[in-house]
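Listed below are the residues making up each chain.
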Amino acid sequence: MTQKKYKPIGGIIAAELFTVGDRVGVEELTAGQGVAVELMDDGSKYEEVATAEESLVSVEHTLTLCSDRHLSQAWFDEDFLQRAAVEGVAARILLATGEELTLGWSERFGFEQALRLRSLRFDSGSQPNDSPRTVLTLVACDTHSALT
């Protein structure tokens with residue numbers, strides 16, 4: 001029998017979010033001091049889209065994290081949501097490939113182009129086997145890929 005290759009958690013194994021506030025550098029993003037929520041087995045992903053308009057390249061970074069409703073209470077914290085919307089957040093994510101990426105920070109812009117809250121959505125599910133889930137979507141735009 002052929003084994004299926006399974007890409008767990010939409011390619012993202014883990015994610016930790018850090019409000020940027022008055023942070024100066026990426027070295028201040030200390031593991032364990034951010035908001036880390038256990039992710040569901042599907043629905044989480046990281047996307048980059050590079051576009052050019054009038055010869056100017058921009059890269060849109062979209063981080064979508066999906067968790068069980070009961071495990072994602074930290075995302076609903078009023079202070080966290082306000083800071084994610086206004087100041088932004090940086091994220092350290094671990095991909096299923098073993099790569100670790102830092103999002104919301106770049107050498108050129110620092111935390112100026114941090115990830116910002118696009119939406120926080122709760123979905124009760126519409127099918128008998130659907131689990132209630134929370135989906136957090138964060139977006140940033142700068143000029144460089146996080147993959148390099």
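As a reminder, the structure under discussion sits directly above these lines.
One structure accompanies this document, and this report is about it. Just so you know, these numbers come straight off a predicted model, no measurement behind them. (Residues numbered from 1 in each chain as written. Predicted model: local features only at pLDDT ≥ 70, side-chain atom pairs only at ≥ 80, totals over all residues. Heavy atoms only, no water.)

## Brief notes about the sheet that holds strand E7 (residues 116-123)
Part 1 of the argument: The four strands lie next to each other as E3-E4-E8-E7, forming an open sheet whose pairing is antiparallel. Whereas interior strands pair on both sides, the edge strands pair on one side only; in this sheet they are strand E3 (45-53) and E7. The sheet shows a mean angle of 15° between the axes of neighbouring strands, taken without regard to direction. (Pairing = 2+ DSSP bridges. Helix = DSSP H or I, 4+ residues; strand = E, 2+ residues; numbered from the N terminus. Axes fitted to C-alpha atoms, helices over the stretch in contact; angles between N-to-C directions.)

## A few points about the sheet that holds strand E2 (residues 35-36)
Part 1 of the argument: Pairing is antiparallel across the open sheet formed by four strands, whose spatial order is E2-E1-E5-E6. The open sheet is flanked by E2 and strand E6 (100-103), the only strands paired with a single partner.
Part 2 of the argument: As judged from the seven bridges shared by strand E1 (residues 12-19) and strand E5 (residues 89-95), these two strands associate in the antiparallel manner. Its bridge partner lying in E5, Leu17 is registered against Ala91.
Part 3 of the argument: Here helix H1 (residues 78-86) sits on the sheet in contact with E1, E2 and E5, set at roughly 85° to E1. (Contact = heavy atoms within 4.5 Å.)

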